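# Tertiary structure, described
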Amino acid sequence: MEAVMERQREKPHVSEPRIDARERAMGLAKYTADWQVKDMLYARIFTSTVPHGFVKGIDSSEAAKTPGFVDIVSCLDDSTVWQAGEREHERRVFADHVRFVGDCIGAVTATTRIAARKAASLVGVQYEELPASFTIESTLGNSQLKIWDNGNFLGPLKFEYGDSEEEFSKSQVVLERHYSTSRLHNVPLEPAISIAWWDGDNLTVVAATQSVHGCRNGIAKDLGLEPEKVRVIGYYKGGGFGNKINSMNYDLIAAICSRRTGKPVMVEYSREDEFINVHGRWSTDQDLRMAADRAGKINAVEVKAKCDIGAYTRHIKRGHFIEGPEHYYSTEAWNAEIYGVYTNTPATGHMRAPPGPQSAFSVESMVDELAHELGIDPVDMRLKNFIRNPPSGRFTSNGFEECIIKGAEEFGWKQRWKRPEKQRNKSGIATGVGVAIGSWHSGLGHGEAIVSVDSSGTLEVNTGVVDIGTGAKTTMALIASGEVGIPYADTRVIWGDTETSPYSVGESGSRTTGFTGTAVREASRQLKADLLLIGEKLHGISSSKLEIKEGNLIRSGNGSVLSSVRELMQASGNGRITKSVTTEPTLKEGEERFVFAAHFAEVAVDLETGEVKLTDYLAYHDSGEIVNRLTAESQVQGGIVMGIGMALTEKLLISKTDGSIENPSLLLYRIPNMTQIPKIKVFFTDTVDPYGPKSLGEIPIIPVTAAIGNAIFNATGVRLRNLPFSREELLGELKDRK
Amino acid sequence: MEAQTFELKFKLNGKEVNALVDTRETLLDVIRDTFGLTGAKKGCDEAACGACSVLFNGHAVCSCTMLAAEAHGGSIVTVEGLSVNGEPASLQKAFMESDALQCGFCTSGQIIAAASLLDNADRELDDNEIREGMSGNVCRCGAYNKILHAVSETSRKRKAK
Ligand code: FES
Ligand code: FES
């Protein structure tokens, strides 16, 4: 926070606590699990114990004897397809063809959660087993294997420009390296959960979704209902980071179990279920080649990657398993060839900037290797090559250079960076610094909002956002309050219910501020115009000479207060003025809209134990105008914390014998705690984008792993190319060195 | 294991309460389902995240791995019990103002852990002591810098009194 405040301000920055901070801090915010619905039953899933096969029979006789047992449903009697669960193939809610250990086969409903758990554990399933694969190599090498009938991989996705062969042959320096990243899990602190009940053929779902409208539309489609028949409520969510996008299979399970039993049903996943049954990040195996001239100009990049995408993949864009770095640098040529390979392991899908950090890790490590090879300062290397405009077209705004230059300045790069061999080792601890950069898209699209003011002068903003922790409600309130001129304290929000709120895109893909926020801004402008006209009538002063500030109508120029908004509203005789707006901003031909960042890390490496400790971190971001510094800074810090986990500790361990997850527990899958996190300083450029504030949610995680890896190299001279960085590998390399 | 019931009596947020509970039920489930206090959350159910933290006789514990029966005769304070006349306590205000919460799912646990740490310290805590003391409470949204700020501010103010 201090970091932001110390800056020279050209105009006042807004920095406000969340609009719902009180509810969250007092334990009053109601998350899905906190709903107590009358007569509610509990459902518990039962899952496959084999990695690949057909379900041949289900024995529920023991389960049915459990006191409290109500119902069992399985693939034998329900074939609902969860269309959002797998983009390329058919994924059933209850699999009859199971594709990984943990694939959901059915659910038991009971009167208590203890009874449901007990009964689910007693269900017996018979299988006809099929050949299975748990690694990329075995999938590609096994002709008997049929994870999917029409092929076991997706791709190749090719991305190409320029003549890379030509560039490689004529460049003075060519590097070739292999990098890998591991399977990860989103680990939202709130595990998957859903409550559903029916009223005739109207369905209500209290969902832990990142988008109430996306959830409603998905459920309606899969259950063959009109969207109007489905109401989705979702006020408070315990994070998602991409694994609560739109409708989830557990929403469908709740609806199915409720329809069968005639009672409200809660489906609750344990942490273990969450790890196994809700998707995480795919792993990558990447072969990179990079060509440059002696002066450090990067001429060509080649990326060949294979990604383990599990048995199902939710990723939206076909084959885009590696994506991003082609928008970091201007090179003569780029050549990427990407495969997504199915294995009999749990599903993969969106996790904060889905392909972003994996792709940044390899390229940003390699640029560092290249800089070292050429004897160039890594920051200078980036300054020589960062992208100013995309190959064909132009960016709507670009603060990349400012991020790199000012970031290096604030970090004290020039004083702190020395060539690796010159970094001094104090008492067995080696310190070093690293830099990495990144960019990410910043979309624009359909937005809806209803903004109104009532006779008391209270401003009300109604949007379909859900606020999974991003601060979306706060952002919408601040946009409206700033635009109309009514204090934030007199602003309230309506959100998170398809019945009461207009459509919103959902908190994924860093889109809420750009999409829904644009509609809020437009509705607020219209509302303000109306208020000014009322003022014009009331005071006989042209509306062009009037302004609204702090909830008062004032005369421009001398700033004298003419009346309050409340008095304006009373004079108008309107109980409420409402503006309902839909916006559809589009980019002009050739325009691309991106956000940019430069990250700087300092590490201390214990040369005896191999322990890596982050001792300092600084992030400089261009996300355009920042609506709220306080929450924006939190979002950046949060992405960095997740990136630190990816760099140092996080890895889903996949069994070599049956593809199951060996560490589906927070005791074994280690996410960072407070002791691992240094002070993280966050800065924003004052870039102004013609289309308004740019995106922010995803980019902070992108440069982190490479910044840390580069710092480890700077401290020790050891280059680690596999994530998470392993102590054993580091110690081994150090020993070989001696 | 068959269901057995137990007449549980304890102090909950300062009030004597009792309930007939299943002996297998955890304190967390009883607080949430029987007493309707849903501030404490279930993030893991295996004492690995801290979201379910409550004060048991003045010290933070994970209520997910404690049987309700173990609280018999003791005093339990949940996040709902920290507020003063319906208003947030100064520690809660510090969390709000510092933006020490994002999704808020870990927040009640963080606040309880911080309350325990601060209540049981006889001096101002330095950053590393706070980091250690709070290390059992994870925050996936990564609000750690802000949580540290909120706790250290509160520690400093308490000391100044
Ligand atoms: S729910 Fe008790 S520690 Fe996680
Ligand atoms: S605020 Fe979301 S887990 Fe801490």
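Cut-off values and rules
Residues numbered from 1 in each chain as written. Chains lettered and ligands numbered in written order. Predicted model: local features only at pLDDT ≥ 70, side-chain atom pairs only at ≥ 80, totals over all residues. Heavy atoms only, no water. Helix = DSSP H or I, 4+ residues; strand = E, 2+ residues; numbered from the N terminus. Rg over C-alpha atoms; globule rule 2.2 N^0.38 Å. Buried < 20%, exposed > 50% of the residue type's maximum accessible area, 1.4 Å probe, protein only. Contact = heavy atoms within 4.5 Å. Areas by Shrake-Rupley, 256 points an atom, 1.4 Å probe, with all protein chains shown as cover. Lys, Arg positive; Asp, Glu negative; His and termini not counted. Charge placed at Lys NZ, Arg CZ, Asp CG, Glu CD. Buried area = accessible area lost by both parts, 1.4 Å probe. Salt bridge = Lys/Arg side-chain N within 4 Å of Asp/Glu carboxyl O. Polar contact = N/O pair within 3.5 Å; in protein donor to acceptor, adjacent residues only side chain to side chain. Domains from an automatic or database assignment. Nonpolar A, V, L, I, M, F, W, Y, C, P; charged D, E, K, R; others polar. Pairing = 2+ DSSP bridges. Core = buried A, V, L, I, M, F, W, Y, C linked by side-chain atoms within 4.5 Å. 1 Å grid on protein atoms, 1.4 Å probe; cavity = no way out; pocket = protein on both sides within 12 Å on 5 of 7 lines; lining within 4 Å. Points joined across faces, edges and corners; volume = space filled by probe spheres on them. Expected span 1.5 Å × (residues − 1). Axes fitted to C-alpha atoms, helices over the stretch in contact; angles between N-to-C directions. Arc of directions from axis to C-beta. Parallel < 35°, antiparallel > 145°, perpendicular 65-115°, else oblique. Left-handed = near helix turned anticlockwise from the far one by under 90°.

## Examining the overall build of chain A
Counting its secondary structure elements, chain A contains 19 helices and 29 strands. Relative to the globule expectation of 27 Å for 738 residues, the C-alpha radius of gyration of chain A, 27 Å, shows essentially globular dimensions. Considered along the principal axes of its C-alpha atoms, chain A spans approximately 85 × 75 × 50 Å. Counting the 738 residues in chain A, one finds 63% classified as buried. By sequence separation, contacts in chain A at least 24 residues apart represent 80% of the contacts at least 6 residues apart. As presented, chain A carries roughly 26200 Å² of accessible surface, and 47% of it is formed by carbon and sulfur atoms. For chain A, the centre of its 84 positive side-chain charges and the centre of its 96 negative side-chain charges are spaced 3 Å apart.

## Focus: the interface of chain A and chain B
Of the residues lining the interface, 57 residues belong to chain A; the matching set on chain B comes to 54 residues. For the chain A and chain B pair, buried surface summed over both sides reaches about 4500 Å², with 57% attributable to carbon and sulfur atoms. Our count for the contact surface shared by chain A and chain B stands at 9 salt bridges. Put simply, Arg 113 of chain A and Asp 33 of chain B hold a salt bridge, and the shortest N to O gap is 2.7 Å. Taken together, chain A and chain B are joined by 28 residue pairs in polar contact (both at pLDDT 80 or more). If one sorts the elements of the side of chain A that touches chain B by residue count, helix α17 (residues 629-648) of chain A sits on top with 9 residues.

## Considering the environment of Thr 49 of chain A
Residues and elements named next belong to chain A. Residue position: Thr 49 is located in the loop between β1 (41-47) and β2 (53-59). Classification of Thr 49 as exposed rests on a relative accessible area of 57%. Between the C-alpha atom of Thr 49 and that of Gly 514, which follows or precedes it by 465 residues, the distance is 44 Å.

## Here's the deal with the domain arrangement of chain B
Residue and element names in this part refer to chain B. On domain assignment, one finds that chain B holds domain 1 (5-80) and domain 2 (90-160). Put simply, the middle of domain 1 and the middle of domain 2, counted by C-alpha atoms, are 21 Å apart. On the side of domain 2, 12 residues touch domain 1, which itself brings 17 residues to the contact. Buried area between domain 1 and domain 2, both sides added, is near 1100 Å², and the carbon and sulfur share of it is 61%. Counting every contact that joins domain 1 to domain 2 gives 7 residue pairs in polar contact (both at pLDDT 80 or more). For the side of domain 1 that touches domain 2, the elements supplying multiple residues, two or more each, are β3 (53-56) and β4 (59-62). The dominant element in the side of domain 1 that touches domain 2, judged by the number of residues it contributes, is β3, at 3 residues. Among the residues forming the side of domain 1 that touches domain 2, the class breakdown is 8 nonpolar, 7 polar and 2 charged.

## Side note on the sheet that holds β2 of chain A
Residue and element names in this part refer to chain A. Sheet architecture is open: 3 strands sit in the order β4-β2-β6, paired in antiparallel fashion. The open sheet has two free edges, formed respectively by β4 (97-98) and β6 (124-129), since each of these has just one partner strand. Here 6 bridges tie β2 to β6, and the two strands are oriented antiparallel to one another. Looking at β6, one finds that Ile 58 is bridged to Val 125.

## Thoughts on the pairing of β2 of chain A
Here β2 of chain A pairs with β4 of chain A via 2 bridges, running antiparallel. Counted as the bridge partner of Phe 54 of chain A is His 97 of chain A from β4 of chain A.

## Considering the pattern of salt bridges
Tallied over the full model, the rule gives 56 salt bridges over all chains. Between Asp 29 of chain B and Arg 113 of chain A there is a salt bridge, with its nearest N and O atoms 3.7 Å apart. Here Asp 29 of chain B, found in helix α1 (residues 27-34), pairs with Arg 113 of chain A, found in helix α4 (residues 113-121), and the two come from separate chains. A relative accessible area of 8% places Asp 29 of chain B in the buried class. Among the residues examined, Arg 113 of chain A registers a relative accessible area of 14% and is labelled buried. Across the pair Lys 170 of chain A and Glu 167 of chain A runs a salt bridge, and its minimum N-O distance is 3.5 Å. In this pair, Lys 170 of chain A and Glu 167 of chain A both sit in helix α6 (residues 164-170), 3 residues apart, roughly one turn of the helix. On the basis of relative accessible area, Lys 170 of chain A is assigned to the exposed category, the value being 54%. Put simply, Arg 177, Glu 364, Asp 368, Glu 369, Arg 382, Arg 719 and Arg 721 of chain A are held in one network by salt bridges that share partners.

## Here's the deal with the domain arrangement of chain A
All names here are of chain A. Partitioning chain A into structural domains gives domain 1 (2-28 + 445-583), domain 2 (32-130 + 193-268) and domain 3 (283-443 + 590-737). Between domain 1 and domain 2, the C-alpha centre-to-centre distance is 39 Å. Summing the contributions of domain 1 and of domain 2, the shared interface buries around 1500 Å²; its carbon and sulfur component is 53%. Summed over the three residues of domain 1 that lose the most area to domain 2, namely Val 466, Ile 468 and Thr 498, the buried surface amounts to 38% of that side. For Arg 231, the salt bridge goes to Asp 497, with nearest N and O atoms at 2.6 Å. The interface formed by domain 1 and domain 2 contains 8 residue pairs in polar contact (both at pLDDT 80 or more). Considered class by class, the residues forming the side of domain 1 that touches domain 2 number 6 nonpolar, 7 polar and 8 charged.

## Some words on the nonpolar core
Most often, soluble globular proteins have nonpolar side chains that are buried together. By size, the foremost hydrophobic cluster in this structure holds 243 residues, and its most contacted members are Leu 203, Ile 253, Leu 531 and Ile 708 of chain A. Among the elements that take part in this core, strand β27 (residues 594-606) of chain A stands out by supplying 9 residues, more than any other. Excluding anything up to four places from it in sequence, Ile 708 of chain A contacts Ala 601, Val 603, Leu 614, Ile 644, Ala 647, Leu 648 and Phe 725 of chain A. Grouped together as the second largest cluster of nonpolar side chains are 19 residues, Leu 8, Ala 19, Val 30 and Cys 64 of chain B included.

## Re empty space enclosed by the protein
All names here are of chain A. Tallied over the entire structure, the rule returns 7 cavities of 30 Å³ or more. Estimated volume of the largest cavity: approximately 120 Å³. Contributing to the lining of the largest cavity are 16 residues, with Asp 368, Pro 378, Trp 417, Pro 420 and Phe 713 lying nearest its centre. Listing elements by their share of the lining of the largest cavity, those giving two or more residues are α10 (356-374), β18 (429-441) and α18 (704-716).

## Quick look at α10 of chain A
Residue and element names in this part refer to chain A. Taking 1.5 Å per residue as the helical rise, α10 with its 19 residues ought to reach 27 Å, and the 27 Å between its terminal C-alpha atoms agrees with that figure. Counted residue by residue, α10 has 17 buried out of 19 residues, so it is predominantly covered. Phi turns positive one or two residues past the end of α10, at Gly 375, with a value near 70°.

## Some thoughts on the sheet that holds strand β1 (residues 5-12) of chain B
Residues and elements named next belong to chain B. The strand order across the open sheet formed by 5 strands is β2-β1-β5-β3-β4, and the pairing between neighbours is mixed. Looking along the sheet, the strands with just one partner apiece sit at the ends: β2 (15-22) and β4. When the angles between neighbouring strand axes are averaged without regard to direction, this sheet yields 45°. Relative to strand β5 (residues 75-77), β3 is paired through 2 bridges, and the arrangement is antiparallel. The residue bridging Leu 55 from the neighbouring strand is Val 77, located in β5. Along the sheet, helix α3 (residues 107-119) makes contact with β3, β4 and β5, crossing β3 at roughly 30°.

## Topic: helix α11 (residues 378-385) of chain A
All names here are of chain A. All of the buried residues along α11 are Pro 378, Val 379, Met 381, Arg 382 and Asn 385. Viewed end-on, α11 has its buried residues packed into an arc of 160°, placing them on one side of the element. A distance of 2.7 Å separates the backbone nitrogen of Val 379 from a side-chain oxygen at the start of α11, and that oxygen is part of Asp 377.

## Considerations on the packing of helix α2 (residues 90-98) of chain B against helix α5 (residues 144-160) of chain B
What describes two packed helices is the angle between their axes and the distance between those same axes. Residue and element names in this part refer to chain B. One way to put it is that α2 packs onto α5 with a least axis distance of 9 Å and a crossing angle of 140°. If you check the angle between α2 and α5, you find them oblique. When the axes of α2 and α5 are compared, the crossing they make is right-handed. Seen from α2, the contacting residues are Leu 91, Ala 94, Phe 95 and Ser 98; seen from α5, they are Lys 146, Ile 147, His 149, Ala 150, Val 151 and Thr 154. Taken together, the residues of the contact of α2 with α5 break down into 6 nonpolar, 3 polar and 1 charged.

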